[in-house]
Amino acid sequence: MPVFRPMIDAESGSKITMKRLDYNSKRSSQSTDTENEEISSPFVAVPEKIVVCVDIAEDPNLVPYRRSDNTNFRPFEALKKALELFATNKLSLNQNHQFAFATVEPGGFKWVSDFSSNLQVISSVIDSLEPVEQTKPDICNFNTVFKEVKSKVGTLPVNTNNNVIPSHIVRLFLIYNSSMNKPFLNRRDESYKSLILSDNFFLDILYLHDPASAENYPQKIYSVLLSFIKGGSYFQEESRKVTQVFNTFARFLAHPFQRPYNEYEQQVLEMSENY
């Protein structure tokens, strides 16, 4: 799987030049040099089709958020408020962006709504989301998520000419909330590979977690989620700090064709040595 490192040309105005870092050459025991191939990618904010997939599993004994008046409220309520603000701000940037919503939990995957640019509809969908309390650790299978998303958006092109501006791009925005349910993904799955190899598909992940404890192991979950992403992905994690949650959502507002590279790139490169 290639990683793309954006290098913005201030004089270009229409595209950015990127360098392709080949994971396969990095993994090869017979090669000591990484193969580099320069490509171009449009520096244009084309409309996005954003699939927001929310983990609705709610851990027992979760740590609540604390308001400024020292009252507590549930983390899922803070998530919904931040998500609605994210959608509002995203549509203010481009009214042609579309949102679809889905939920995932150890019990399975569910589509909540189809793509829409209607903020009233989107807000109603977000408001309808409710957590499901978990009583013991379980496995959350993400192969179904990628299968369902591929079925929804179809087969996306693996571009051979990155100067071609697509009509839209697809972004899967995964929001994972559990600190005890381990996510699982078979990275050889055809639906996952079909999406992740497309230059018109982006995978972003936000991990909201409780502190580590005897029952919670957010560091292990963090490592598994990090293995899902590709070059160009945004990956962020945050614990129970409500202001930081809203700030973290703001980092996902930028268009994937125009945002700077994510700080987790080096971790992905290092993890690729073990794939």
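Residues numbered from 1 in each chain as written. Predicted model: local features only at pLDDT ≥ 70, side-chain atom pairs only at ≥ 80, totals over all residues. Heavy atoms only, no water.

1. Description of helix H4 (residues 143-153)
Turning to H4, its buried residues number three or more, namely Asn143, Val145, Phe146, Val149 and Val153. Projected onto a plane normal to the axis of H4, the buried residues spread over an arc of 160 degrees and lie on a single side. Structural note: H4 exposes Lys147 and Ser151 on the side pointing more than 90 degrees away from its buried face. Count one or two residues on from H4 and you reach Gly154, which has phi positive near 80 degrees. (Buried < 20%, exposed > 50% of the residue type's maximum accessible area, 1.4 Å probe, protein only. Helix = DSSP H or I, 4+ residues; strand = E, 2+ residues; numbered from the N terminus. Arc of directions from axis to C-beta.)

2. Some remarks on the environment of Lys193
Inspection of the secondary structure puts Lys193 in helix H5 (residues 190-196). Considered as a pair, Lys193 and Phe146 are 47 residues apart in the sequence and their alpha carbons are 9.1 Å apart. A distance of 3.3 Å separates a polar atom in the side chain of Lys193 from a polar atom in the side chain of Glu190. (Polar contact = N/O pair within 3.5 Å; in protein donor to acceptor, adjacent residues only side chain to side chain.)

3. Examining the confidence of the model for the protein
Per-chain confidence: the protein averages 81 in pLDDT, with 78% of residues scoring 70 or above. Scored below 50 in pLDDT, residues 1-40 shows 91 contacts in the model against residues more than four places distant or in partner chains. (pLDDT = per-residue confidence, 0-100. Contact = heavy atoms within 4.5 Å.)

4. Structural notes on the pairing of strand S15 (residues 235-238)
Of the strand pairs in this sheet, strand S14 (residues 201-208) and S15 are connected by four bridges, and their pairing is parallel. Among the inter-strand pairings, Tyr207 is bridged to a residue of S15, identified as Glu237. (Pairing = 2+ DSSP bridges.)

5. Digging into the packing of helix H2 (residues 75-93) against helix H3 (residues 119-128)
Relative orientation of the contacting elements H2 and H3 amounts to 165 degrees, with a least axis distance of 10 Å. For the element pair H2 / H3, the angle class is roughly antiparallel. Seen along the crossing, H2 lies across H3 with a hand that is right-handed. Here H2 contributes Lys80, Leu83, Glu84, Ala87, Thr88 and Leu91 to the contact with H3, which in turn contributes Leu119, Ile122, Ser123, Ile126 and Asp127. Of the residues that constitute the contact of H2 with H3, the class distribution is six nonpolar, two polar and three charged. (Axes fitted to C-alpha atoms, helices over the stretch in contact; angles between N-to-C directions. Parallel < 35°, antiparallel > 145°, perpendicular 65-115°, else oblique. Left-handed = near helix turned anticlockwise from the far one by under 90°. Nonpolar A, V, L, I, M, F, W, Y, C, P; charged D, E, K, R; others polar.)

6. A few points about unusual backbone geometry
If you check the backbone angles, Asn61 has positive phi at about 60 degrees while not being a glycine. In this structure, Asn61 sits in the loop between strand S5 (57-58) and strand S6 (65-66). Given a relative accessible area of 75%, Asn61 falls into the exposed group.

7. Topic: the side chain of Lys230
Structurally, the position occupied by Lys230 is in the loop between helix H6 (218-226) and S15. Buried and unpaired, Lys230 has Asp199 as its nearest opposite-charge partner, separated by 5.3 Å. Of note is the side chain of Lys230, whose polar atom sits 2.8 Å from the backbone oxygen of Phe201. (Lys, Arg positive; Asp, Glu negative; His and termini not counted. Salt bridge = Lys/Arg side-chain N within 4 Å of Asp/Glu carboxyl O.)

8. Re the packing of H2 against helix H7 (residues 242-250)
Interaxial distance between H2 and H7 falls to 9 Å at its minimum, and their mutual angle equals 30 degrees. Put simply, H2 runs roughly parallel to H7. Of the two possible hands of crossing, H2 and H7 adopt the one that is right-handed. Of the residues in H7, those touching H2 at Ala78, Leu79, Lys81, Ala82, Leu83, Leu85 and Phe86 are Val242, Val245, Phe246 and Phe249. Grouping the amino acids of the contact of H2 with H7 by side-chain chemistry returns ten nonpolar, no polar and one charged.

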